Each structure stands twice: as C-alpha cells, then as structure tokens.
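Read off the chains here:
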There are 2 protein chains.
Amino acid sequence: MADPSTTPPLTRASVLAAHSLIKPYIHETPVLTNTTLDQLASTPRTPEELQGTEWEGTERPANPKIRFWFKCENFQRIGAFKARGAFHAVERLKQTEGLEGLKKGGVVTHSSGNHAQALSLAARENGIPAHIVMPTISPPPKIAATKGYGANITFSGSTSTEREAVTREVIEKTGARLVPPYDHPDIILGQGTAALELQRQVAASLSTSGTTTTTNRRLNAIITPCGGGGLLSGTALACSDLSPSDPSTPGPILVFGAEPSFSGADDGRRGYYSGTRIETVKSLTIADGLRTPLGVYPWSIIYERKLVAGMYSVGEEEIKKALRLVYERMKVVVEPSAVVGLAVALFGEE
Amino acid sequence: MADPSTTPPLTRASVLAAHSLIKPYIHETPVLTNTTLDQLASTPRTPEELQGTEWEGTERPANPKIRFWFKCENFQRIGAFKARGAFHAVERLKQTEGLEGLKKGGVVTHSSGNHAQALSLAARENGIPAHIVMPTISPPPKIAATKGYGANITFSGSTSTEREAVTREVIEKTGARLVPPYDHPDIILGQGTAALELQRQVAASLSTSGTTTTTNRRLNAIITPCGGGGLLSGTALACSDLSPSDPSTPGPILVFGAEPSFSGADDGRRGYYSGTRIETVKSLTIADGLRTPLGVYPWSIIYERKLVAGMYSVGEEEIKKALRLVYERMKVVVEPSAVVGLAVALFGEE
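Residues numbered from 1 in each chain as written. Chains lettered and ligands numbered in written order. Predicted model: local features only at pLDDT ≥ 70, side-chain atom pairs only at ≥ 80, totals over all residues. Heavy atoms only, no water.

Student: How should the overall build of chain A be read in this particular structure?
Tutor: Along chain A, the regular secondary structure elements total 15 helices and 9 strands. Relative to the 2.2 N^0.38 estimate, which gives 20 Å for 350 residues, the radius of gyration of chain A is 20 Å and therefore close to what a compact globule would have. On the principal axes, the C-alpha backbone points of chain A span a range of 65 × 45 × 40 Å. Out of the 350 residues in chain A, the part that is buried amounts to 54%. Within the structure as shown, chain A displays about 15,300 Å² of accessible surface, and the carbon and sulfur contribution to it stands at 53%. Across chain A, 36 positive and 35 negative side-chain charges occur, with their mean positions spaced 5 Å apart. (Helix = DSSP H or I, 4+ residues; strand = E, 2+ residues; numbered from the N terminus. Rg over C-alpha atoms; globule rule 2.2 N^0.38 Å. Buried < 20%, exposed > 50% of the residue type's maximum accessible area, 1.4 Å probe, protein only. Areas by Shrake-Rupley, 256 points an atom, 1.4 Å probe, with all protein chains shown as cover. Lys, Arg positive; Asp, Glu negative; His and termini not counted. Charge placed at Lys NZ, Arg CZ, Asp CG, Glu CD.)

Student: For this particular structure, what's the right way to read the side chain of Ser-120 of chain A?
Tutor: On the secondary structure map, Ser-120 of chain A appears in helix 6 (residues 114-125). The contacts of Ser-120 of chain A, once residues within four sequence positions are left out, are Ala-130, Ile-132, Thr-146, Tyr-149 and Ala-151 of chain A. (Contact = heavy atoms within 4.5 Å.)

Student: What should I look at first to understand the relation of the copies chain A and chain B in this one?
Tutor: The relation between the two copies of this chain is a rotation about an axis and a shift parallel to it. Mapping chain A onto chain B leaves a residual RMSD of 0.0 Å; the transformation is a rotation of 180° accompanied by 0.1 Å of translation along its axis. Here the transformation between the copies is reduced to the relation of a two-fold axis. Minimal C-alpha distance to the rotation axis in chain A is attained by Val-332 of chain A, lying at 2.4 Å. Here 93% of the contact residues of chain A are again contact residues in chain B; the copies associate through an equivalent surface. (Least-squares fit on C-alpha atoms with pLDDT ≥ 70 in both.)

Student: What exactly am I supposed to notice about the sheet that holds strand 4 (residues 130-135) of chain A here?
Tutor: Within a beta sheet, neighbouring strands are joined by backbone hydrogen bonds and run either parallel or antiparallel to one another. All names here are of chain A. Across the sheet, which stays open at both edges, the 4 strands sit in the order 5-4-3-6 with parallel pairing between neighbours. Looking at the sheet topology across the chains shown, the edges are occupied by strand 5 (152-156) and strand 6 (177-178). The pairing of strand 3 (residues 107-110) with strand 6 spans 2 bridges and is classified as parallel. Residue pairing across strands places Val-107 opposite Arg-177, the latter belonging to strand 6. Running over the sheet, helix 6 touches strand 3 and strand 4 and is turned about 175° from strand 3. (Pairing = 2+ DSSP bridges. Axes fitted to C-alpha atoms, helices over the stretch in contact; angles between N-to-C directions.)

As far as function goes, none of this settles anything; it's purely spatial.
Shown next as structure tokens:
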C-alpha cells in the first residue's frame with residue numbers, strides 16, 4: 001500500500017482525481033428508479049405494522065416524501081463497489097512505486113470477500129501478482145471466484161491474529177505490498193467515486209425529464225451501508241465542499257450510514273453517538289459484508305470531521321424484507337449488505 | 001384498438017414517432033455489458049461440450065468474436081418491454097378516439113402475462129378503466145399483480161375459444177376497446193422503441209470510450225426472443241432504412257429471432273424456413289412468454305418483407321444455463337423468455 005504520508009488529502013477534489021485514474025478500468029454503473037418502492041417509502045406505516053417494533057404506539061407515524069435513486073454497484077466489475085478502491089490503490093502504487101517493482105513483488109491482502117476478488121482483478125489487469133490470504137474455512141465458491149481472477153491463495157486460521165501472521169509471512173517471502181480492504185486513504189477515495197457518478201447521473205436524469213433543480217426534486221441525501229466505513233467515508237468526502245455552481249450538485253447532500261443492528265453489528269452507530277470508536281465486532285448478521293468494525297481513517301471522516309449526518313440501524317427481518325422487494329420489484333440480485341440502507345429508509349421511523 | 005386502417009405505416013420513422021409519444025411514460029432502461037459473458041461467447045466450445053448436442057463431431061467449432069450489449073427491459077415499468085406497446089396503443093387510441101370516450105368504455109385484453117399488467121398500468125395512468133380476461137387457472141401472484149395495477153378482472157376458461165367469448169361479452173357490456181398483445185401495428189411500433197434506444201446507447205458508450213465507429217466495434221446485430229413476434233418485428237422495423245449519416249447507426253444491423261425448440265415452440269423458425277406461417281403452438285417450454293404462434297402482422301415484417309435475417313432455436317437446458325449465468329454473473333433477475341437470445345448466442349453453433 002502507498003505510505004499514508006504520500007496519499008492525497010481526504011477531500012472531494014481527491015475523489016475527483018481518483019475517478020480520473022480509475023475510469024478506464026471500472027463501469028459507470030446504472031442508476032435505477034422504482035415507483036413501487038418510492039410509494040412504499042412515502043406511505044406512513046400503520047399502527048399494526050409498527051407493532052412489535054421499537055416504534056410501537058407511535059402517535060403519528062413518519063410521513064416522508066421519498067424518491068429513490070439506486071446506484072447499482074452490483075453491476076460493477078466483480079459485482080461490487082470494492083473494484084473502485086482496489087483499482088485506485090493499484091494505480092496509486094504504480095505512481096509511487098513504479099509498475100516494474102510491483103510486477104516483481106505483487107500485492108497482498110487478507111480477505112475472503114469482495115475485496116479479495118477486486119484486488120485480484122486489478123492486479124491481473126496490470127500484470128501484477130496478487131496474493132490473497134483466506135481462512136481455510138472460506139466457502140469454496142469464494143475461493144474459486146478469487147482463483148478465477150488469477151490470485152495466489154494462501155490459507156490461514158480464521159482469527160485476525162492468524163490471518164495477519166500469515167500475511168506478514170507472505171510479505172517477507174515475496175515483497176508484496178499490502179492493500180487493506182477499507183482502512184486506507186486510497187481505498188476510501190476510490191470508493192467515493194460511486195457517489196460522484198450518482199450526483200451527475202441524478203442531475204442528468206432530472207434535466208432530461210424537464211424537472212428544474214430549483215425545486216426540492218434533487219438528490220438531497222445519500223444513505224450507504226457501513227461495515228469498515230470505506231464506502232461511507234468516501235461518499236461523505238464526495239458530498240463535502242460542494243459548489244452550488246456545479247450543475248451536478250445544486251444543493252447540499254446529507255450523508256447517512258446504515259448498519260445491521262443484530263448482536264452488535266451497529267458498532268458505527270454506537271460509536272458515533274457515544275463519541276468513542278468501537279474496535280471489535282462479533283456479529284453473525286446476514287449482512288456479512290458489514291460485520292467489520294469502523295476503521296481509523298473512516299472514523300476520522302465520519303465522526304471527527306462530522307461529514308456524516310447520522311447513523312441508523314435495522315434488524316435482520318427488515319433486511320430480509322428489503323432484499324425480497326429488491327429481487328421481486330427491481331429484478332436485481334444483490335447481497336444482504338447492499339439493502340441495509342433501503343431497509344432503514346423503508347422500515348426505520350427516524 | 002385503433003382500426004388498423006388508421007395506423008401509421010410499418011417503418012422506422014413510425015417507430016421514432018412512437019418513441020416520442022411514449023417517452024413520458026416509460027423508462028429508458030440501462031444497457032449492461034459483461035466481460036465474462038463476452039469471453040464465454042468468444043471461446044470455441046470443446047468437442048466434449050458439443051457431445052450430445054446436434055453439433056457433436058463438428059471438426060472446427062465456431063470461433064466468433066462477440067461483444068454483448070444487454071438491453072435490460074426487465075427494469076422497464078411492470079418489469080417487461082410490454083409496457084412500450086401498451087402505452088403506445090393507449091396513446092394512439094387517445095389520438096383516434098379521444099380520451100373522453102375511452103374513459104367511459106375502457107380497454108380490454110385477454111392475457112395472463114406481462115401484457116395484462118402493462119395495459120392495466122397504461123390505462124390507470126390515463127384514468128381509463130382496464131378489463132382483463134384471465135383464465136380461472138392463472139397463478140394467484142399474476143392475478144394479484146394485475147389487480148394491483150387497478151384492473152377489473154373477468155375469469156374465463158383456459159382455451160382460446162373460451163377466452164375470446166368472454167372478451168366479446170366484456171366488449172358488448174362495456175364498450176371497451178380491444179388491445180391485443182402483439183398482433184397489431186401500434187403494439188409492434190411501441191415494442192420497436194427498445195431497439196432505437198439500444199442503437200443510441202451503444203453508439204454513445206462507444207464514443208465515450210473513444211472507440212471509433214469506423215472499426216467493426218459497433219452494434220452489428222440484435223437478437224431478440226420471439227413468441228408472438230411483436231418485439232422481433234418492431235426491432236426489425238427499428239433497424240430498417242438506416243441512414244449512415246445518423247451517428248447512432250453507423251452501419252447495417254442484422255436482426256435475428258430466438259425461440260425455444262421444446263415441443264414445437266420454434267414455430268417462427270419452422271415457418272420462416274418453410275415459407276408458411278404456423279398458426280398453432282402447444283408447447284410447455286419454460287420460456288412461457290414464447291409459447292404463442294407468430295402473428296399475422298409480425299409475419300409480414302419478419303418473413304414477407306425479409307427484415308429478419310434468420311431464426312434460431314435452443315433447448316430447455318441451454319435456456320436454464322443462460323438463466324443461471326445472467327443471475328450469477330450479471331446479478332439480474334429475468335424470466336426464462338428473456339435469455340433465449342443469449343442462449344442462442346452462447347450455445348448455438350450457427
């Protein structure tokens with residue numbers, strides 16, 4: 001990984017620069033809208049629907065007017081936004097270390113999920129070896145997918161101590177550069193590029209449909225799922241320092257984070273409202289991409305710089321309901337982690 | 001339905017006019033690309049893979065270079081391209097009959113599928129009553145979905161004679177205008193608008209990516225599924241009379257039809273190569289949207305005017321394989337009918 005001292009400042013301008021660097025490698029994913037889900041989100045919930053939830057007995061259920069734009073990063077390369085951060089990290093390493101050195105030593109990460117596939121793909125497209133440390137107990141399809149992108153897999157035990165020890169061994173043996181999954185400026189800046197595209201795409205669709213942006217019909221808020229916080233903090237940077245003269249950002253955009261509440265996976269929310277970052281999470285929520293605690297860099301953006309306006313959480317049943325709606329009404333295949341933001345918007349009373 | 005004698009000529013210009021009419025009501029659906037599927041389609045199949053197929057023992061398996069653009073009409077309103085034809089038919093009826101008369105009598109169709117939902121939606125958005133004749137044995141979710149769009153449902157027996165008799169009764173009682181699912185010029189012109197968008201979207205994406213259209217990297221062919229032939233014949237019109245000076249159509253575009261071969265559902269292909277339209281089909285292919293025989297108007301465009309360059313068919317196993325690829329690799333939920341074209345491109349040796 002590029003030494004953090006050489007990384008660009010954590011600003012919207014750096015997210016724009018990251019976008020220029022990775023554009024040749026990534027998809028500009030489509031933005032979908034859905035009238036049924038807009039109506040559902042804009043209909044107050046009945047007292048019966050609130051029974052058994054924490055909002056049971058609310059006198060006046062929330063009555064928001066919501067219009068959704070869904071940024072479909074499930075159509076991104078490798079099937080997730082993680083491709084953005086990985087390609088950006090590799091581009092930055094090419095700038096600071098030179099491609100030739102990287103081709104010898106390669107890159108390394110410990111991950112069993114989307115970041116492993118994203119880094120493997122970014123490395124392969126640059127002719128760089130990728131070393132992935134995965135727990136022996138990883139699901140065979142994930143191992144196969146990562147191998148499919150040409151990575152060298154080294155197995156480890158499943159605790160973080162065991163994984164880090166094996167990663168250190170790989171680095172000593174190969175000279176590979178570590179590319180962590182979220183807690184690094186280059187990763188955060190890469191993930192933030194999705195929000196830039198969303199800003200432009202929403203503005204373009206509203207101008208085509210003849211809606212004036214002087215009304216309230218514009219992108220007022222973005223809600224993103226939050227695990228380690230790479231996507232959330234990158235999104236927050238992309239929505240900071242907005243210029244009202246830029247047609248893609250005619251007004252301020254609030255950024256919110258969404259987490260599963262199951263058995264403590266809402267570490268970001270609890271930390272945000274208590275003022276102390278929570279460093280360990282042990283939750284088996286179905287939103288398996290969001291089981292990680294918030295990283296140090298994300299925390300500095302989300303909490304210390306207050307670039308995130310609020311953190312919300314939802315239960316497992318709400319996540320499953322949102323997943324089903326996305327599948328049936330939007331015809332889109334997503335993982336549970338991807339719908340946590342929608343679940344908050346649909347089923348949270350805040 | 002508008003009297004066919006008053007309908008526009010079956011030309012590309014009329015498809016363009018249809019597009020202007022329905023644009024306020026429909027989505028411009030996204031176009032997806034997928035490197036994995038391009039590679040799969042561009043890799044010759046091994047002798048082992050051809051074993052047990054009709055191409056077993058082929059000396060030199062086909063070795064095409066294919067780049068796919070997927071027009072995602074599953075993201076269209078009601079989840080299918082049928083919204084295009086239904087909105088166009090209703091707009092045309094408004095022009096020829098006037099909205100007030102339509103609001104009294106309404107519109108009627110007999111269908112249990114996507115056309116029923118599409119017509120119900122188009123009617124509701126214009127304040128027009130929709131009468132839908134459905135077989136009593138229709139699956140409850142389809143009945144519920146059609147009711148959800150505000151239609152009045154009348155049940156009938158399941159043979160086409162029974163359905164048509166009940167439809168005539170509805171017309172006599174209400175004065176509703178019949179909007180057939182595919183065999184009418186207004187429907188065909190509406191469905192053809194998807195291909196217009198595809199032409200422009202592909203040209204725009206190639207020009208953004210810096211690819212010159214003087215090379216062969218352009219939209220050379222469109223393959224569409226074929227049931228009653230509304231989409232296929234509309235697509236063929238949209239690809240006829242192309243002007244090389246139009247940047248969205250830098251060269252000719254061949255149009256092909258794709259059908260399931262199971263128990264005679266390939267009526268279009270058999271008719272096309274024998275010169276006689278086949279009028280009845282009794283197939284229970286899983287591609288249930290493609291069980292209908294080719295209509296008279298579609299036949300005149302596809303066969304008599306030779307605007308379709310070829311018809312292909314694939315088996316049930318190939319359709320299931322394509323469905324799985326689209327689900328797993330493209331993250332998109334589609335019905336079996338939607339992947340028959342892809343199955344032909346991937347698994348047909350022609």
